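# Results of the structural survey
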Amino acid sequence: MSLGFRVSGRIGKPVAEVFDAVVNPNKLSGYFTTIGGASAPLVAGAKVVWWGKVPVEVDEVDKDNRIVLRWDATDADGKPAYKTRIEMNFEPLDDGGTFVTIAEAGWHEDAVGLKKSYLNCEGWSQMLACMKAYVEYGINLRDGYYRSEMKGEPASEDNI
């Protein structure tokens, strides 16, 4: 068994607009990958870079429905040890909004895996809040929020 979590929230915009806010690197960089950006659109089979240094493998992109990604989980020394899997689902709601669910799984069941999974759970929860503010109101909540953002550095477990 491996560690994992699921977070979700409602964005008050149509699914096509919310989905585009994730796959479009310019939009993603406006609220999530704000320092270092996103190197390219999310397209199945692509390898992109977030925050100027984090490699992300794009396994699946089902337009307006689902995105599946993989990225490195690191060991106690900060070295890539294995990959975790991120699945984002976009559900259109009757009121015209979108319900977004993000699940990440695959951490090893050890102290390092537990710590890293908690950090990523926090990160994805905040990503959803930042996406809501950006897509609905054009506001970048990350600006000045984390210690890292105040220093102009991508967030890491040592500077958030």
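Reference entry: report on the structure contained in this document. In this text the structure is predicted, and so the values were computed from the model without any measurement.

Before going further, it helps to spend a moment on the overall build of the chain. The helix and strand tally for the chain stands at four helices and six strands. Ordered by position from the N terminus, the helices and strands of the chain form the series β-α-α-β-β-β-β-β-α-α. Against the 2.2 N^0.38 benchmark of 15 Å for 160 residues, the chain shows a C-alpha radius of gyration of 15 Å, consistent with a compact globule. Along the first, second and third principal axes, the C-alpha atoms of the chain reach 45 × 35 × 25 Å. Burial analysis of the chain (160 residues in total) assigns 41% to the buried set. Sequence-distant contacts, at least 24 apart, represent 48% of the contacts inside the chain between residues at least 6 apart. Here the chain has roughly 8,100 Å² of accessible surface; of this, 52% comes from carbon and sulfur atoms. Distance from the positive charge centre (18 side chains) to the negative charge centre (24 side chains) of the chain: 3 Å.

This brings us to helix H3 (residues 111-137). Think of an α-helix as 3.6 residues a turn; residues three or four steps apart then line up on the same face. Taking 1.5 Å as the rise per residue, H3 with 27 residues should run 39 Å; its terminal C-alpha atoms sit 39 Å apart, in good agreement. Along H3, the residues classified as buried are Gly-113, Lys-116, Ser-117, Trp-124, Gln-126, Met-127, Leu-128, Cys-130, Met-131, Ala-133, Val-135 and Glu-136. Of the residues one or two after H3, Gly-138 is the one with positive phi, at around 75 degrees.

Below, the discussion takes up the nonpolar core. Judged by nonpolar contacts, the single largest core of 36 residues is most densely connected at Trp-50, Met-88, Trp-124, Met-127 and Met-131. When residues of this core are traced back to their parent elements, those giving at least two are strand S1 (3-11), helix H1 (15-23), strand S2 (47-50), strand S3 (54-62), strand S4 (66-74), strand S5 (80-92), strand S6 (98-107) and H3.

Quick look at the packing of aromatic side chains now. For the coordinates displayed, the defined rule picks out 10 aromatic pairs. Ring geometry for Phe-19 versus Phe-90: centroids 5.0 Å apart, planes at 70 degrees, classification edge-to-face. In this pair, Phe-19 is assigned in helix H1 and Phe-90 in strand S5, connecting sequence segments 71 residues apart. Of the two residues, Phe-19 and Phe-90, both sit in the buried class.

Right, let's talk about the side chain of Thr-101 for a bit. Assignment of secondary structure puts Thr-101 in strand S6. Residue classification places Thr-101 among the buried residues on the basis of a relative accessible area of 15%. Apart from the residues within four sequence positions on either side, Thr-101 is in contact with Arg-6, Val-7, Ser-8, Glu-87, Met-88 and Asn-89.

Moving on to the sheet that holds S2. One open sheet accounts for six strands, arranged S1-S6-S5-S4-S3-S2; its pairing is antiparallel. Both edges of this open sheet fall to S1 and S2, since each of them pairs with a single strand only. Across the sheet, the mean angle from the axis of one strand to that of its neighbour is 25 degrees, orientation sign disregarded. As judged from the nine bridges shared by S4 and S5, these two strands associate in the antiparallel manner. From the neighbouring strand, Ala-73 faces S5, where its bridge partner is Tyr-82. Where H1 meets the sheet, it contacts S1, S3, S4, S5 and S6, and its direction lies at approximately 160 degrees from that of S5. Strands in contact with H3 are S1, S2, S4, S5 and S6; relative to S1, the strand with the most contacts, it is inclined by about 10 degrees.

Rules used in this analysis
- Residues numbered from 1 in each chain as written.
- Predicted model: local features only at pLDDT ≥ 70, side-chain atom pairs only at ≥ 80, totals over all residues.
- Heavy atoms only, no water.
- Helix = DSSP H or I, 4+ residues; strand = E, 2+ residues; numbered from the N terminus.
- Rg over C-alpha atoms; globule rule 2.2 N^0.38 Å.
- Buried < 20%, exposed > 50% of the residue type's maximum accessible area, 1.4 Å probe, protein only.
- Contact = heavy atoms within 4.5 Å.
- Areas by Shrake-Rupley, 256 points an atom, 1.4 Å probe, with all protein chains shown as cover.
- Lys, Arg positive; Asp, Glu negative; His and termini not counted.
- Charge placed at Lys NZ, Arg CZ, Asp CG, Glu CD.
- Expected span 1.5 Å × (residues − 1).
- Core = buried A, V, L, I, M, F, W, Y, C linked by side-chain atoms within 4.5 Å.
- Phe/Tyr/Trp six-rings, centres within 6.5 Å; stacked < 30°, edge-to-face > 60°.
- Pairing = 2+ DSSP bridges.
- Axes fitted to C-alpha atoms, helices over the stretch in contact; angles between N-to-C directions.

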